[in-house]
Amino acid sequence: MIQKATTRGRRVIKYLLILAGLACVVSVAYLGYGLRRAAQLEAACKTAYEQQQWAELEKNATEWAQWRPDQALPWIYAAESANQLGDAIRTASYLYYLPDGDPRTPAGLLELSHLQFGALNQPIAAAETCKRILRLQPDLSEAHRRLIFYYAMSRQRGPMLAEARRAIAAGCDVPETYMYLMGADWITFANGYELNQRWLQSAPDYEPFLVARSWHLLHSQALDAESESENASTGGLSKYEQIMTDLLERFPKNEELLAYHLNLACFRGNRERVAKLLAQAPASSAADSRFWRFKGWMHEVRNEQEEAEKAYLHALSLYPFDWQTQHDLAAVYRLKQDFDKVEQYQSAALLGKEIMRNALQAPDTSSLSPQLLQDMSRYAKTCGEPDVAARLEARMRNSG
């Protein structure tokens, strides 16, 4: 019995080896057929592209992509055919499937982000596409530029600053990169309201777009100073302030809204309001320099000058380009009669404020005068950012 079992087992092993061999032969044959078929489809795509036969091109390209999903070219052909046939959604879907390992992919994804920001109105997806591009090719300047603009337009201050610094470190900076870096607290866009309104069509409840829409509207309007003063003295609210108040009730932890109301409360000297809003701030605000400036203001009005100095210095360690903090710190040193530091911080504040004024008067972010760029470089040095200054000077030399 043992002998018979052993013989049967050997037969089973023999049959398994034969089946494995046959499977191997079939696999090799199938692979060979796949390679031949892919080559045929590639040639057919080239011909269809040259003859502008877009429907034929799309049919062949999508089949080719099934055989070679690791190659970008079939997806690019398919996207081009869909584009020529006027179907933006299909174009985007083909570009989305571009394989990460192909060197053609970053350029194709850049076209995808263009569609997502533009015709498809999918800005959140476009930002994710830009992030994907930069994971594949960190030195692609246009992807940096689009991502920074998206963060600036949607008032996502922290990501905007981080991306601006990444662009500078990667050598992908353009002159406007420095305006985003130095103007994080005041940069605004005349079309900010309209663009965020459009973006809200794709994401109606998205908090950054809702807040940014009103933020840009508020900051792009030339408000009547006398009317604002009268409203403040009578306890009334302007229509713009009411909008921001309503938004804060809806989003009580939003740092942009809190910063707006804290700025206003500090300006009006309302320490109770400042204390309440600071207590309301989320834990993430500890990394936001503005909230340390507001804390410094609270200490200052309480005559806690040492604590005010520490808070202002910490604010500048988080974000060296805040001219308002520099101005406030100069006031602290004036009380301490440390006039060297008064001069240091007050002169920096004046330069930073002048940069803000001139930048906001520029027609657009790409039209910064050589004098403004030189002032920005000088300001970077003044703020203890020599690497930023050096990079900006190199950029000016290269563009000149």
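Data block above holds the structure.
From a predicted model like this one, the values you see are computed outputs, not experimental measurements.

It is worth spelling out the overall build of the protein chain at this point. Helix and strand counts for the protein chain stand at 21 helices and 0 strands. Looking at the protein chain residue by residue over its 400 residues, the buried ones come to 45%. The contacts of the protein chain with a sequence gap of at least 6 include a subset with a gap of at least 24, amounting to 56%.

With respect to the element layout, Asp102 can be found in the loop between helix H4 (88-96) and helix H5 (105-117). Residue classification places Asp102 among the buried positions, given a relative accessible area of 9%. Setting aside its immediate chain neighbours within four residues, Asp102 contacts Asp70, Gln71 and Ala72.

What follows deals with the packing of aromatic side chains. To describe a pair of aromatic rings, one takes the distance between the centres and the angle between the planes. One pass over the full model with this rule turns up 18 aromatic pairs. Relative to Tyr151, the ring of Tyr150 has its centre 5.6 Å away and its plane inclined at 55°; by these criteria the two rings are tilted. Between Tyr150 and Trp199, the ring centres sit 5.5 Å apart and the planes meet at 40°, which makes this aromatic pair tilted. Of this pair, Tyr150 sits in helix H7 (residues 141-153) while Trp199 sits in helix H10 (residues 192-200), and the two are 49 residues apart along the sequence. In this structure Tyr150 comes out as buried when scored by relative accessible area, which is 3%. Classification of Trp199 by relative accessible area gives buried; the value is 1%. Above the plane of the ring of Trp215 lies Arg155, whose end atom (NZ or CZ) is 4.0 Å from the centre.

So, on to unusual backbone geometry. Both trends apply: most residues other than glycine have a negative phi, and most peptide bonds are in trans. For Arg155, which is not glycine, the phi dihedral falls at a positive 55°. Positioned with a positive phi, Gln337 is a non-glycine residue whose angle comes to about 60°. Judged by relative accessible area, Gln337 falls into the exposed class, the value being 60%.

A word on helix H8 (residues 157-169). Compared with the 18 Å implied by 1.5 Å per residue over 13 residues, the 18 Å span of H8 between its first and last C-alpha is a close match. Of all the residues in H8, the buried ones are Arg157, Met160, Leu161, Glu163, Ala164, Ala167 and Ile168. Projected onto a plane normal to the axis of H8, the buried residues spread over an arc of 165° and lie on a single side. If you follow the buried residues of H8, they end up packed against helix H6 (123-136), H7, helix H9 (175-182), helix H14 (255-268), helix H16 (289-301) and helix H21 (386-399).

Here the focus is the pattern of salt bridges. Where charged atoms from two side chains of opposite charge approach closely, those side chains can pair. Per the counting criterion, the structure on display carries 27 salt bridges. In this structure, the salt-bridge partner of Asp87 is Arg90, at a minimum N-O distance of 2.6 Å. The partly exposed category is assigned to Asp87, whose relative accessible area is 25%. Look at the salt bridges and you will find they share partners, linking Arg155, Arg157, Asp185, Glu256, Asp288 and Arg290 into a network.

Look at helix H3 (residues 73-84) against H4: their axes get within 8 Å of each other, and the N-to-C directions meet at 170°. As summarised for this structure, H3 and H4 are arranged roughly antiparallel, according to the angle between their axes. Here Trp75, Ala78, Ala79, Ala82 and Asn83 of H3 come into contact with H4, specifically with Arg90, Thr91, Tyr94 and Leu95. Broken down by class, the residue content of the contact of H3 with H4 amounts to 6 nonpolar, 2 polar and 1 charged.

Cut-off values and rules
- Residues numbered from 1 in each chain as written.
- Predicted model: local features only at pLDDT ≥ 70, side-chain atom pairs only at ≥ 80, totals over all residues.
- Heavy atoms only, no water.
- Helix = DSSP H or I, 4+ residues; strand = E, 2+ residues; numbered from the N terminus.
- Buried < 20%, exposed > 50% of the residue type's maximum accessible area, 1.4 Å probe, protein only.
- Contact = heavy atoms within 4.5 Å.
- Phe/Tyr/Trp six-rings, centres within 6.5 Å; stacked < 30°, edge-to-face > 60°.
- Lys NZ or Arg CZ within 6 Å of the ring centre and 35° of its normal.
- Expected span 1.5 Å × (residues − 1).
- Arc of directions from axis to C-beta.
- Salt bridge = Lys/Arg side-chain N within 4 Å of Asp/Glu carboxyl O.
- Axes fitted to C-alpha atoms, helices over the stretch in contact; angles between N-to-C directions.
- Parallel < 35°, antiparallel > 145°, perpendicular 65-115°, else oblique.
- Nonpolar A, V, L, I, M, F, W, Y, C, P; charged D, E, K, R; others polar.

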